[in-house]
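Notes for the structure review
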Amino acid sequence: MSRVQKASGRAAGVTSLGIAFTSNVTAASLLVACPFGFSDTTFTIGVVDDNLNGPGTDYTESSERVWNATSRSVASIYYFPNSGAGACTVTCNASATVDLGMVVIEYSAMATVGPVDVTDANGANNTGSTPTTADLITLNANDVLVASLTHDGGPAPTLTVEAGWTLVDEEEDATSGTPWSVAEKFLTATATDQHTWTVGDSVDSTMAFTAFKEAAGAADQEPSLVGGKLVFNSVVLRHLVH
């Protein structure tokens, strides 16, 4: 269970945004998309899909939070398990012209069917400088927690993730589009967990939060010798023959 790669981007005044992974996606990977949006008018983030697994093969939403019904700030988490292999561009779509941003992540050795362990389906809102997600009580021993945040503050307050978590991707500048922060935490035992960001200003934050589970038996796998190389989960750990 590991993060293979990630990519991100944003655009102002658009109805869709496509983000391409830098490298080809590996077969059976879990693809996670964290779209963000902001507008002064009502909108929704609708279909998320990609060109690899086929337009119309939609990603599933696991968590989403809307700041309010008029001046909207939206944070979401979508996922697609058991991906095909190849070049992949993930696209999110909005129901109106808005500022969009998105982080896309590839994880290996994740469950290929029903990869969500638990999720905060309705996300969370917070006003202040220490926005905190709801608690998740995991059921699976080996999970990766993914927490995402956007806010309506400006121009560029710092965003710091909690100790024990890893920053996946961040955009602090709020003057040129939607800001965001995405953090992850790998678990090796069941836990009750939440994530708190430290923001350099008091802002209105919107958060999404999901725990994804490892493939059955993946934690028990051991490295093997392939052509004189020590290989684990398709990754060369050490060249044993020179």
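Residues numbered from 1 in each chain as written. Predicted model: local features only at pLDDT ≥ 70, side-chain atom pairs only at ≥ 80, totals over all residues. Heavy atoms only, no water.

**Overview of the nonpolar core**
Definition in use: Throughout this description, the term nonpolar core refers to a set of buried Ala, Val, Leu, Ile, Met, Phe, Trp, Tyr and Cys residues connected via side-chain atoms within 4.5 Å. Burial classes: relative accessible area under 20% of the type maximum marks a residue as buried, over 50% as exposed, and values in between as partly exposed (1.4 Å probe, protein chains only). Note on conventions: DSSP H or I runs of at least 4 residues are helices, E runs of at least 2 residues are strands, and numbering of each starts at the N terminus. In this analysis, two residues are considered to be in contact whenever any of their non-hydrogen atoms come within 4.5 Å of each other.
One finds A33, Y59, V90, M102 and V104 to be the most contacted residues of the largest nonpolar core, which totals 23 residues. At the level of secondary structure, the elements contributing two or more residues to this core comprise strand 1 (2-20), strand 2 (30-39), strand 3 (45-50), strand 5 (72-80) and strand 6 (89-108). For this core, the element with the highest residue contribution is strand 6, accounting for seven residues. Non-local contacts of V90, meaning those with residues more than four positions away in its chain, are made with L17, G18, I19, F21, A33, V48, D49, D50, Y59, M102 and V104. Counting 18 residues, the second-largest nonpolar core is a separate cluster that includes L30, V32, A75 and V168.

**Brief notes about the pairing of strand 2**
Looking along a regular strand, one sees the side chains alternate between the two faces of the sheet. Rules: A pair of strands is treated as paired once DSSP finds two or more bridges between them.
Most of strand 2 is tucked away: nine of the ten residues are buried. Direction of pairing for strand 2 relative to strand 6: antiparallel, over a ladder of nine bridges. Considered in strand 6, the bridge of F38 is made with D99. Relative to strand 5, strand 2 is paired through seven bridges, and the arrangement is antiparallel. Each residue of the ladder has a partner; that of L31, found in strand 5, is F80.

**Notes on the packing of aromatic side chains**
So the rule is basically this: Ring geometry is summarised as follows: Phe, Tyr and Trp rings, the Trp one being its six-membered ring, pair when their centres sit within 6.5 Å, and such pairs are stacked at plane angles under 30 degrees, edge-to-face over 60 and tilted between the two.
Throughout the structure, instances matching the rule amount to five aromatic pairs. The interplanar angle of 5° and the centroid separation of 5.9 Å between the aromatic rings of F36 and W180 together place this pair among those described as stacked. With a gap of 144 residues between them, F36 in strand 2 and W180 in strand 12 (residues 180-186) connect regions that are remote in the sequence. Note on F36: relative accessible area 0%, which makes it buried. Ring plane angle 65° and centroid distance 5.7 Å describe the contact between Y79 and F212, whose orientation is recorded as edge-to-face. On the criterion of sequence distance, the pair formed by Y79 in strand 5 and F212 in strand 15 (residues 203-213) is long-range, its members being 133 residues apart. Across the pair, exposure class does not vary: Y79 and F212 are buried alike.

**Some details on the side chain of D117**
Its place among the elements puts D117 in strand 7 (residues 116-128). If sequence neighbours within four positions are ignored, D117 has contacts with T138, L139, N140, D143, A211, F212 and K213.

**Examining the pattern of salt bridges**
To keep things clear, this is the line we draw: The salt bridge criterion pairs a side-chain nitrogen of Lys or Arg with a carboxyl oxygen of Asp or Glu, the two atoms within 4 Å.
In the structure shown here, the tally under the stated rule is five salt bridges. A salt bridge links E184 to R3; the shortest N-O distance between them is 2.9 Å. Taken together, the positions of E184 in strand 12 and R3 in strand 1 put the pair 181 residues apart, joining distant regions of the chain. Using a relative accessible area of 3% as the deciding quantity, one classes E184 as buried. Its salt-bridge partner being D169, residue K6 comes within 2.6 Å of it at the nearest N-O pair. Here K6 is found in strand 1, whereas its partner D169 is found in strand 11 (residues 166-171), with 163 residues between them in sequence. Taking relative accessible area as the criterion, K6 reaches 33% and is therefore assigned partly exposed. Under the relative-accessibility criterion, D169 is labelled buried at 7%. What emerges from the salt-bridge pattern is a single network uniting R10, E171 and D173.

**Comments concerning the pairing of strand 12**
Among the seven residues in strand 12, five count as buried, and that is most of the element. Both strand 9 (residues 143-151) and strand 12 contribute to a ladder of six bridges, which runs antiparallel. Pairing of L145 across the sheet is with K185, part of strand 12. Relative to strand 12, strand 11 runs antiparallel, the two sharing five bridges. Counterpart to D169 in the pairing with strand 12 is V182.

**Focus on the confidence of the model for the chain**
When pLDDT is low, close inspection of the predicted coordinates is not appropriate. The following threshold applies: As a per-residue quantity, pLDDT reports the predictor's confidence and falls between 0 and 100.
Averaged over the chain, the pLDDT score is 87; the fraction of residues at 70 or greater is 88%. Contacts from residues 229-242, a stretch scored under 50 in pLDDT, to residues over four places away or in other chains number 30 contacts.

**Some remarks on the sheet that holds strand 15**
Backbone-to-backbone hydrogen bonds pair the strands of a sheet. The strands run either parallel or antiparallel. Heads up, the rule is: To define axes, lines are fitted to C-alpha atoms, for helices over the stretch in contact only, and angles between the resulting N-to-C directions are given on a 0 to 180 degree scale.
With antiparallel pairing, the five strands of this open sheet are ordered in space as 7-15-9-12-11. Taken across any chain shown, the strands that pair with only one partner, and hence form the sheet edges, are strand 7 and strand 11. Going from strand to strand, the sheet's axes swing by 15° on average, the running direction of each strand aside.

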